[in-house]
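Understanding the architecture of this molecule
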Amino acid sequence: MMTRIRETALLLRIQLCRLGGINSLLHGHDPRQKRRALGTLALCLMLVLMASGYSLMLAMMLADLGAVGMIPQAFTLALTALAFMTAMFKGPEMLFGGSDTPALRAMPVAPGSIVASRLLALLATELVFSLLIGVPAGAVYGLHMGAAGGVRLVLALCLVPALPMAAALALGTLLARLTLRMRHRALLTAVLNVALFVAIMALCGALTAAGVQGRLTQSVMLAMMGRLDRLLTGLYPPADWTAQAAAGNGGALVLLAAVSLGALALLTLAATACFARLADALGMAAPAARGSTQTGRPRSPLRALYGKEVRRFTSSSIYMMNASAGLLIYAMATAAACLTDLQPVLAPLLAVPVVRSRLPGLLTLAAMLLAGMTSTTSSSISMEGRQMETLHAMPVRRRDWLGAKLLLQMTLSAPVLALCGGVLALRLGLSAAQGAMLILAPAAYSLVMGIVGLALNLRFPRFDWEREVEAVKNGLSVLLTILIGMLVPLGIGAAWLLL
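All of the points below concern the structure found in this document. Values in this document were obtained by computation on a predicted structure and should not be read as measured data.

A word on the pattern of salt bridges
If you walk through the whole model with that rule in mind, you get six salt bridges. Residue Lys308 is joined to Glu384 by a salt bridge in which the shortest nitrogen-to-oxygen separation is 3.2 Å. Taken together, the residues Lys308 in helix α14 (residues 301-314) and Glu384 in the loop between α19 (377-380) and α20 (388-393) connect sequence positions 76 residues apart. In this structure Lys308 comes out as partly exposed when scored by relative accessible area, which is 21%. For Lys405, the salt bridge identified is with Glu309, shortest N-O distance 2.7 Å. Note that Lys405 is positioned in helix α21 (residues 398-428) and Glu309 in helix α14, a separation of 96 residues in sequence. The exposure classification of Lys405 matches that of Glu309, with both residues buried.

See the structure below:
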């Protein structure tokens, strides 16, 4: 037993040191790697402060509306959705995949120790998010309900992510097991993830639309939250247990801890039992999924490299979801504009003279912001991984290699931006010039951000990843590209409104 604990602790330490470039910062000898690690940690710290600020503003808004009792349930649902989406996107690759899995299996290490260390590493990141979101909420709750209530709320929120994380990983593992022999397994997984993402965004949009139609008065907001409270009561028991634990019910806190930790224990046992079989199956399926040798007539280097980029993109559900989130939001907003009455939504904006005269331009900037969130190039070089040495040895021009990656970016974004921009222009009755600007400006900005993403990924590549999620989500180039892509339209819009 003690041997298993020591093995798990050592593997967990290794997993945690790889987060955010901590290992390079502590043990690296290359000054460039240390600077990159410091930059990554600085960006993570900024995102941490932003997340805590949003949490604090939401909790203060609920308190100002006299709905302090809604804080436990509201933040439980937020953490549940965040934990479920995070674990669902990572999927079985996090438990059974990774280039380090064959090496670990060759060592005298129990499969249960490998599974437990990976689950605990993911749980540690979820715990950090829980603290970032829960501490500001607990502070506001404690100011109104007593300091002890705030502490109990933070403690209960730290237990919340375990259950949805276990459910998402179990669902992803089952899906991987059922679709393992399918040729387009990653596409099916991505479609299901998109459906889940659309459902969550649609629910948020419906609540927002209901609030806007009620002109956002305090009485309407309280009525909406009252209806939501009654709907959720009994629908998701952990939210009720969190509220009861924050109110001082020790039994509810014990029940929440038992259910959450019990779900993780069951998942650990089940994953350990099928670890060898699924690890072998995923290891054999990966090479076939990431591209197979095709014979036929000769193709130009650019076309062949573009086909390689497309196959890599469609073989990774994480890559597809991370690179298309902004476009999905834009498409959903366009569909909502076509299916709903826009007058209640636009009335508050049209009441402000400076906004009314510049509404088409602001809409164009919003489309540019969503286009800036979409970037395949910011991680496309890192996705090459350890194949970079092979690519350097091939007689391929650098222009063709980078051009194929940029072409994938525009293939993904240009049709969506053109279609959504054209539909919105017709729906809002914009002039021909305004409609052309709504289509062309976001497309041009997507091209610029594709070049920026390539430049940043060339400057800050990450080839030492063990799982694709590390290259797609945790790279410094990815964080910088998304940050620049969002801040530029926001800065232009703010300066334009203030002039």
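On we go.
Focus on the packing of helix α18 (residues 359-372) against helix α24 (residues 476-498)
For any two helices packed against each other, one specifies the inter-axial angle together with the distance between the axes. Two numbers describe how α18 lies on α24: the axes approach to 8 Å, and their chain directions differ by 170°. With respect to α24, the axis of α18 lies roughly antiparallel. Together, Gly361, Leu362, Leu365, Met368, Leu369 and Gly372 of α18 and Thr481, Ile482, Gly485, Met486, Pro489, Leu490, Ile492, Gly493, Trp496 and Leu497 of α24 make up the contact between the two elements. A per-class count over the contact of α18 with α24 returns 11 nonpolar, five polar and no charged.

With respect to the nonpolar core
Ranked by internal contacts, the top residues of the largest apolar core, which has 23 residues, are Leu95, Phe96, Leu119, Met165 and Leu169. Counting residues in hydrophobic clusters, the runner-up holds 15 residues, among them Leu62, Ile71, Ala137 and Val140.

What about the packing of α21 against helix α22 (residues 432-459)?
Across the interface, α21 lies against α22 with an axial gap of 8 Å and an inter-helix angle of 155°. When the axis of α21 is compared with that of α22, the two are roughly antiparallel. The element α21 and its partner α22 pack so that their crossing is right-handed. Class assignment for the residues of the contact of α21 with α22 results in 16 nonpolar, seven polar and two charged.

The rules behind these values
Residues numbered from 1 in each chain as written. Predicted model: local features only at pLDDT ≥ 70, side-chain atom pairs only at ≥ 80, totals over all residues. Heavy atoms only, no water. Salt bridge = Lys/Arg side-chain N within 4 Å of Asp/Glu carboxyl O. Helix = DSSP H or I, 4+ residues; strand = E, 2+ residues; numbered from the N terminus. Buried < 20%, exposed > 50% of the residue type's maximum accessible area, 1.4 Å probe, protein only. Axes fitted to C-alpha atoms, helices over the stretch in contact; angles between N-to-C directions. Parallel < 35°, antiparallel > 145°, perpendicular 65-115°, else oblique. Contact = heavy atoms within 4.5 Å. Nonpolar A, V, L, I, M, F, W, Y, C, P; charged D, E, K, R; others polar. Core = buried A, V, L, I, M, F, W, Y, C linked by side-chain atoms within 4.5 Å. Left-handed = near helix turned anticlockwise from the far one by under 90°.

Purely geometric stuff here, so don't read any function into it on its own.
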